[in-house]
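Coordinate inspection notes
Below, each chain spelled out in residue letters.
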Amino acid sequence: MAESHESLLACHDLHCSYPDGTVALDGVDLTIHAGERVALIGPNGAGKSTLLRAIIGLIPSDGDIIVGGTKLTGRTVRDIRQRIGLVFQNPDDQLFSPTVEEDVAFGPAALGCSRDNVVERTHRALDAVGMRDQAHRNPLQLSYGERRRAAIATVLSMRPAILAMDEPSSNLDPAHRRDLIRWIQQEEGCTLLLATHDLDMVAETCDRVLLLSRHIVADGATRTILTDNTLLAAYGLEAPLGLQQLRFRADP
Amino acid sequence: MLLVLGVFIALRAEGDEILFRMLGVPVTTEALTTAGTTVVRLLAVACASLLFTLLVPMSHIVAGLRALRLPQAMIAVTWLTERFLVLLAADARRLMEGVRARSAALPLPRRIIVASRISGTFLVRAVSRSERMADAMTARHFDGRIPLHPTQRWVVRDTVSVVLTLVVIFFALLY
């Protein structure tokens, strides 16, 4: 994919606290360029999900969030949500319509797209995740892997400039996880921002890694960050299994 | 509930011809007729509403309500209520499976106590679920107006369905 150096998403001195006073984000500064594939890693409670929610204005934050040159404000929040599509950690939180097709069509229809355009976007999004044949099924009756793919389709149909995914591989069996990784590797045309603990998936899908622990602790190439065992261990993370020597329980 | 309502009306409605006494209160022919008619009417309306809800997809109902030019807020509340109840029912099923898995051996009184405690948990979950559903809808540009699914168009068949339903309700209320 051709990579431009245009800044697509920038956060400056971003702070966010929960109503009970817990500080979730404490001075986050980051810049993501168009076409980049960026992983957001960090231990539990590091603020990964909070950051993803904050950049589309789902939760209030202090500081600047600038998407494609537009600063996030009450007036621009709808425009920014059109540019960033967020796939939630739990697909059950994302799917609420009676059928998969209606759920996928919800976003483009709410954007005010024409009838034909909504149909075209819906079909393309379902094709992209291989769910066209499940279009008329009730999301509640799908397997977890299928629900995950349907949830991704609901965001793809909105054609966002940035596809943000929160723990996309959590609870997936190995086959569905592999399918997801393959799909992310092939997906072109939008900038990726993955918040995940799955460092093996990061190694296979992302060019750049941001290590978050309430603020950005490290920012660098995937290989550099994921091979820095000292850094990873300091934040409760482990190098990808693929880079570790496999030891069986029976080994001495 | 309908039966209780019928008994209540039978005991309260006035009339001249006393048929029998229930708990010392005279029950008249007119009161019984009034009670019976009211219960049957309500039953017919409830059945018609249930049939309509079960047989017509929600997206068609939204299209119909919009064609009838009802306020957007009313349509949105109808749609959200139906959707939220479906999602809550699924959550409740999962919660009950968890309870059953751990309380099958408990005696009935203890199970009732567990169930009452679960109802509190369920309420909290329902609030949390509604917040997450709101987030999911907000992230996809929901602005209070339920977007019409493109395959749903108001056709003659829909008009016939609505007219027939209204006719059933009308006659149920009349007789």
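Scoring rules and cut-offs
- Residues numbered from 1 in each chain as written.
- Chains lettered and ligands numbered in written order.
- Predicted model: local features only at pLDDT ≥ 70, side-chain atom pairs only at ≥ 80, totals over all residues.
- Heavy atoms only, no water.
- Salt bridge = Lys/Arg side-chain N within 4 Å of Asp/Glu carboxyl O.
- Helix = DSSP H or I, 4+ residues; strand = E, 2+ residues; numbered from the N terminus.
- Buried < 20%, exposed > 50% of the residue type's maximum accessible area, 1.4 Å probe, protein only.
- Contact = heavy atoms within 4.5 Å.
- Buried area = accessible area lost by both parts, 1.4 Å probe.
- Polar contact = N/O pair within 3.5 Å; in protein donor to acceptor, adjacent residues only side chain to side chain.
- Phe/Tyr/Trp six-rings, centres within 6.5 Å; stacked < 30°, edge-to-face > 60°.
- Domains from an automatic or database assignment.
- Axes fitted to C-alpha atoms, helices over the stretch in contact; angles between N-to-C directions.
- Parallel < 35°, antiparallel > 145°, perpendicular 65-115°, else oblique.
- Left-handed = near helix turned anticlockwise from the far one by under 90°.

Concerning the pattern of salt bridges
As enumerated under the stated definition, the model contains 19 salt bridges over all chains in all. A salt bridge links Glu120(A) to Arg124(A), with the nearest nitrogen and oxygen atoms 2.7 Å apart. Residue Glu120(A) and its partner Arg124(A) are located together in helix α5 (residues 115-128), separated by four residues, close to a single helical turn. The partner of Arg208(A) in a salt bridge is Asp219(A), with the nearest N and O atoms 2.9 Å apart. Residue Arg208(A) is located in strand β9 (residues 208-212), and its partner Asp219(A) is located in strand β10 (residues 216-221); the two are separated by eleven residues in the primary sequence. Residue classification places Arg208(A) among the buried positions, given a relative accessible area of 12%. Accessibility expressed as a relative area gives 46% for Asp219(A), which makes it partly exposed. Sharing partners across several salt bridges, the network here consists of Asp93(A), Asp91(B), Arg94(B), Arg129(B) and Arg132(B).

Observations regarding the interface of chain A and chain B
In this assembly, 29 residues from chain A lie in contact with 25 residues from chain B. Surface buried jointly by chain A and chain B totals about 2,600 Å² across both partners, of which 61% is contributed by carbon and sulfur atoms. The largest contributions to the chain A side of the interface with chain B come from Phe96(A), Phe106(A) and Arg115(A), which together make up 26% of the buried area. Applying the counting criterion to the chain A and chain B interface returns four salt bridges. Its salt-bridge partner being Asp103(A), residue Arg140(B) comes within 3.0 Å of it at the nearest N-O pair. Across the chain A-chain B interface, the total number found is nine residue pairs in polar contact (both at pLDDT 80 or more).

Concerning the packing of aromatic side chains
Taken as a whole and assessed by the stated rule, the structure comprises four aromatic pairs over all chains. Between the aromatic rings of Phe106(A) and Phe142(B), the centroid separation amounts to 6.2 Å while the plane-to-plane angle is 35°, which identifies the pairing as tilted. With Phe106(A) in helix α4 (residues 100-111) and Phe142(B) in the loop between α5 (108-139) and α6 (156-174), the pair connects residues from two separate chains.

What about the domain arrangement of chain B?
For chain B, the assigned domains are domain 1 (2-55) and domain 2 (58-151). Computed from C-alpha atoms alone, the centre-to-centre distance between domain 1 of chain B and domain 2 of chain B is 33 Å.

Re the packing of α4(A) against helix α6 (residues 144-156) of chain A
Residues and elements named next belong to chain A. As a packed pair, α4 and α6 sit with axes 7 Å apart at the nearest point and diverge in direction by 30°. As judged from the angle between their axes, α4 and α6 are roughly parallel. The handedness of the crossing between α4 and α6 comes out as right-handed. Each of Val 100, Asp 103 and Val 104 in α4 lies in contact with α6, whose residues at this interface are Ala 150, Ala 153 and Thr 154.

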